[in-house]
Amino acid sequence: MRKLSMALLAGVALVGCGGPEVAEQKTQSWEEFRASAINDEGDVYVVNGDEAVQGLENLRSYYDNFVANGDVGATEGGLAVYYIGSDIKYSATQARNLTYCISSSTFGTRYSTMVSAMNSATAAWEATANVNFIHSSSYDSNCTASQTGVFFDVRMVSGQSYLARAFFPNSSRSGRNVLVDSSSFGSISPWTLTGVLRHELGHVLGFRHEHTRSTASGCYEDANWRGLTTYDRYSVMHYPQCNGLQTGDLVLTSSDKTGARALYP
């Protein structure tokens, strides 16, 4: 989830967030795109505010396929799943076994707060779709990107331009991390830590940013999605600074719930 600050609204892949028409925006060069991508830990690059791309080769492929061609996408849609020829989602079995650890060493005194927020955020998705997140606390003392005992890890970082960032279902184990910046524990009103995690877990399940569905959002990203419902400017997956309508915390709307059930019935 991108931090709410004017300096960050012009970040990578949110090309021309201040302008209403994507077609009038200048396409970034590869050099500009690479320079603006956040080189996160290891060989991971963060694009679109909070989405992880593994490796420079994949970053170049992302640019060639979804930035350089200047696609402007559709103007309608709703909760949308990541789509590359087919939906990027979990099998029914894997969706029921999304195990994770929460790093007790990186969160320190904030560990219990993080556990509670994850419990609440995962419960929101579990209540509406056939998915099951399992906190494997026995791995919390050794919760790293190489911990193979869990499907993904949750760790704290500091000094990042995002509040938190996540991954998509097709990521390899080293890239399956939910990284939460320490600033998420400060004053981020009207959002809460739980709300930010609801958004990030949407990505974990395969959902794209809602605002990439509309050219009027000023935050078009690419055409790599398939619509599941009608466009929803209140969606938990919609950045409010991208012509969104939600003024409170990030919560699942009825449209979000309909889309989630459609993907994971």
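Here, the structure is the one placed above.
The text that follows walks through the structure, step by step, so that each part is easy to find. (Residues numbered from 1 in each chain as written. Predicted model: local features only at pLDDT ≥ 70, side-chain atom pairs only at ≥ 80, totals over all residues. Heavy atoms only, no water.)

## Digging into the overall build of the chain
Consideration 1: Across its full length, the chain holds seven helices and ten strands.
Consideration 2: Considering the chain as a whole, with its 265 residues, one finds that 55% of them fall into the buried category.
Consideration 3: Long-range pairs, those at least 24 residues apart, make up 70% of the contacts in the chain with a sequence separation of at least 6.
Consideration 4: Summed over all atoms, the accessible surface of the chain reaches about 10,400 Å², with 50% contributed by carbon and sulfur. (Helix = DSSP H or I, 4+ residues; strand = E, 2+ residues; numbered from the N terminus. Buried < 20%, exposed > 50% of the residue type's maximum accessible area, 1.4 Å probe, protein only. Contact = heavy atoms within 4.5 Å. Areas by Shrake-Rupley, 256 points an atom, 1.4 Å probe, with all protein chains shown as cover.)

## Quick word on the state of the cysteines
Consideration 1: By the definition in use, this model includes two disulfides.
Consideration 2: Along the chain, the cysteines engaged in disulfide bonds are linked according to the scheme 1-2, 3-4 when indexed in sequence order. (Disulfide = S-S within 2.5 Å.)

## Brief notes about the packing of aromatic side chains
Consideration 1: Per the stated rule, a full pass over the model turns up seven aromatic pairs.
Consideration 2: When the ring of Y82 is compared with that of F168, the centres are 4.6 Å apart and the planes differ by 45°; the resulting orientation is tilted. Within this pair, whereas Y82 is found in strand β4 (residues 80–82), its partner F168 is found in the loop between β8 (164–165) and β9 (177–181), the two being separated by 86 residues in sequence. The pair formed by Y82 and F168 is uniform in burial state, with each residue classed as buried.
Consideration 3: Three or more aromatic residues link up through ring pairs in this structure, and these residues are Y100, F133, F152 and F167.
Consideration 4: In this structure, K89 packs its charged tip against the face of Y264, placed 5.3 Å from the ring centre.
Consideration 5: When the ring centre of F151 is taken as reference, the NZ or CZ atom of R176 above it lies at 3.9 Å. (Phe/Tyr/Trp six-rings, centres within 6.5 Å; stacked < 30°, edge-to-face > 60°. Lys NZ or Arg CZ within 6 Å of the ring centre and 35° of its normal.)

## Here's the deal with the packing of helix α5 (residues 111–126) against helix α6 (residues 193–204)
Consideration 1: Viewed as axis vectors pointing N to C, α5 and α6 meet at an angle of 50°, and their least axial separation amounts to 8 Å. Taken as axis vectors, α5 and α6 run oblique relative to one another. Taken as a pair, α5 and α6 cross one another with a handedness that is right-handed. On the side of α5, the interface is formed by T113, M114, A117, M118, S120, A121, T122, A124 and W125, while α6 contributes L193, T194, L197, R198, L201 and G202.
Consideration 2: A class-by-class count of the residues in the contact of α5 with α6 yields nine nonpolar, five polar and one charged. (Axes fitted to C-alpha atoms, helices over the stretch in contact; angles between N-to-C directions. Parallel < 35°, antiparallel > 145°, perpendicular 65-115°, else oblique. Left-handed = near helix turned anticlockwise from the far one by under 90°. Nonpolar A, V, L, I, M, F, W, Y, C, P; charged D, E, K, R; others polar.)

## Details of the sheet that holds strand β5 (residues 98–102)
In sheet architecture, strand pairing relies on hydrogen bonds along the backbone and comes in two forms, parallel and antiparallel.
Consideration 1: Ordered in space as β6-β5-β7-β9-β8, the five strands form an open sheet in which the pairing is mixed. Each edge of the open sheet is held by one strand with a lone partner, namely β6 (133–135) and β8.
Consideration 2: Bridge analysis of β5 against strand β7 (residues 152–157) gives three bridges, and the strand direction is parallel. Within the sheet, the bridge partner assigned to I102 lies in β7 and is V154.
Consideration 3: Against the sheet, α5 touches β5, β6, β7 and β9, its axis set at about 165° to β5.
Consideration 4: Set on the sheet, α6 makes contact with β6, β8 and β9; between it and β9 the angle comes to about 155°. (Pairing = 2+ DSSP bridges.)

## Looking at the nonpolar core
Consideration 1: By size, the foremost hydrophobic cluster in this structure holds 44 residues, and its most contacted members are W125, F133 and V154.
Consideration 2: Beyond its immediate stretch of four places on either side in the chain, V154 contacts Y100, C101, I102, S103, F107, M114, M118, C143, V178 and V180. (Core = buried A, V, L, I, M, F, W, Y, C linked by side-chain atoms within 4.5 Å.)

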